[in-house]
Amino acid sequence: MKKIVLTSFFCFLMFLVFAQEKNTHRIPMIGDPAPAFTAETTNGNLNFPGDFGSSWKIIFSHPRDFTPVCSSELLALREMQRDFESRNVKILVVSTDTKDRHAMWKHALEEIDPADSRDRAIRFPLVDDNSMTISRMYGMLHNKVSSTESVRGVFVIDPQNKIQATFFYPMAIGRNMDEIFRSVEALQIADERKMYTPANWTRGGDLLVPYFPYTEAELAQDPGIENQFYQVGTLMWYKKADR
């Protein structure tokens, strides 16, 4: 009897360990609250997401400092950091490297001349996740690829700290930063205008209306309203962009 009890207790403990391991590798879904964490960074200690206030936020994970693809991505982000700032977006970059290694890598990249006249400084923080806590929290360790290095993950988080978009790229493929920026712009205007963005939408393009755009009463009161919209087929109404 004692042996049966001990075996049952051991099985229960193994179940708890398995459940905890499974939970730590769960990828947060769109609409989920962004998991909070505290970490050391190249810009000092960070309490995320609180320290970033009511901004939009993007977490970029990468496999390893001082590697070619990762270096090209950080330089691309350096070139675009003012663009992201202009859209009220704060960036942070996470890997399982230490803060000291991040600092050395950042210094090496800042020695490279920018492609335009903008400054050399990388202003966004590089986050120390040597413990792999954040990488597990955000499901960025894909064990069939690596159990110690993150894949190229992207989490776009809104001012209410809800996840609004996620992207994952393999280690060998650099991310298209223009597409990530376009996605943020689309999320922002869809939220602001309460409309949708069609395929291949870019800033300044027409928007999709998720409902019939006006009533007969509204049209009678303002005949010009119909000139603001147009229909494509039977399924799509577009709102003309303000020009």
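Remember, predicted model here, so these are calculated numbers, not experimental data. (Residues numbered from 1 in each chain as written. Predicted model: local features only at pLDDT ≥ 70, side-chain atom pairs only at ≥ 80, totals over all residues. Heavy atoms only, no water.)

Asks: Explain the packing of helix α2 (residues 68-86) against helix α3 (residues 99-110) here, please?
Replies: A pair of packed helices is captured by two measures, namely the crossing angle of their axes and the spacing between those axes. Running from N to C, α2 and α3 point in directions that differ by 65°, and their axes come no closer than 11 Å. Helix-helix and strand crossings are classified by hand; for α2 and α3 the assignment is right-handed. Contacts between α2 and α3 involve Cys 70, Ser 71, Leu 74, Leu 75 and Arg 78 from the former and Trp 105, Leu 109 and Glu 110 from the latter. Its residues assigned to classes, the contact of α2 with α3 comprises 5 nonpolar, 1 polar and 2 charged. (Axes fitted to C-alpha atoms, helices over the stretch in contact; angles between N-to-C directions. Helix = DSSP H or I, 4+ residues; strand = E, 2+ residues; numbered from the N terminus. Left-handed = near helix turned anticlockwise from the far one by under 90°. Contact = heavy atoms within 4.5 Å. Nonpolar A, V, L, I, M, F, W, Y, C, P; charged D, E, K, R; others polar.)

Asks: Which parts of the structure should I look at to understand helix α5 (residues 177-193)?
Replies: The terminal C-alpha atoms of α5, which comprises 17 residues, lie 24 Å apart, in line with the 24 Å expected from a rise of 1.5 Å per residue. If you check which residues of α5 are buried, you get Met 177, Ile 180, Phe 181, Ser 183, Val 184, Glu 185, Ala 186 and Gln 188. Buried residues belonging to α5 abut β3 (56-61), α2, β4 (89-95), β6 (152-157) and β7 (163-169). Its side-chain oxygen at 3.1 Å from the backbone nitrogen of Asp 178, Asn 176 defines the N-terminal cap of α5. (Expected span 1.5 Å × (residues − 1). Buried < 20%, exposed > 50% of the residue type's maximum accessible area, 1.4 Å probe, protein only. Polar contact = N/O pair within 3.5 Å; in protein donor to acceptor, adjacent residues only side chain to side chain.)

Asks: I tried to follow the sheet that holds strand β8 (residues 207-209) on my own but got confused; where do I start?
Replies: Through backbone hydrogen bonds, the strands of a sheet pair up, either in parallel or in antiparallel fashion. Pairing in this open sheet of 3 strands is antiparallel, and the strands run β8-β10-β9 from one edge to the other. Every interior strand has two partners, whereas the edge strands, β8 and β9 (229-232), have only one. Strand-to-strand twist in this sheet, taken as the mean axis angle between neighbours without regard to direction, amounts to 40°. Across 3 bridges, the pairing between β8 and strand β10 (residues 236-239) is antiparallel. When the bridges of β10 are listed, Val 209 appears paired with Trp 237. (Pairing = 2+ DSSP bridges.)

Asks: Help me understand the pattern of salt bridges in this model?
Replies: Proximity of charged atoms lets side chains of opposite charge pair with each other. Tallying each qualifying case throughout the model produces 15 salt bridges. Arg 26 is the salt-bridge partner of Asp 32, the closest N and O atoms lying 2.9 Å from each other. Notably, a salt bridge pairs Glu 40 with Lys 99, separated by 4.0 Å at the nearest N-O pair. Taken together, the positions of Glu 40 in strand β1 (residues 37-41) and Lys 99 in helix α3 put the pair 59 residues apart, joining distant regions of the chain. (Salt bridge = Lys/Arg side-chain N within 4 Å of Asp/Glu carboxyl O.)

Asks: Honestly, a nonpolar patch on the surface in this entry has me stumped. Any pointers?
Replies: Taken together, Val 232, Leu 235 and Met 236 make up a surface patch of nonpolar side chains, about 290 Å² in accessible area. Note on placement: Met 236 falls in strand β10. (Patch = residues over 30% accessible without salt bridge, like charges linked within 9 Å, V, L, I, M, F, W, Y side chains within 5 Å. Areas by Shrake-Rupley, 256 points an atom, 1.4 Å probe, with all protein chains shown as cover.)

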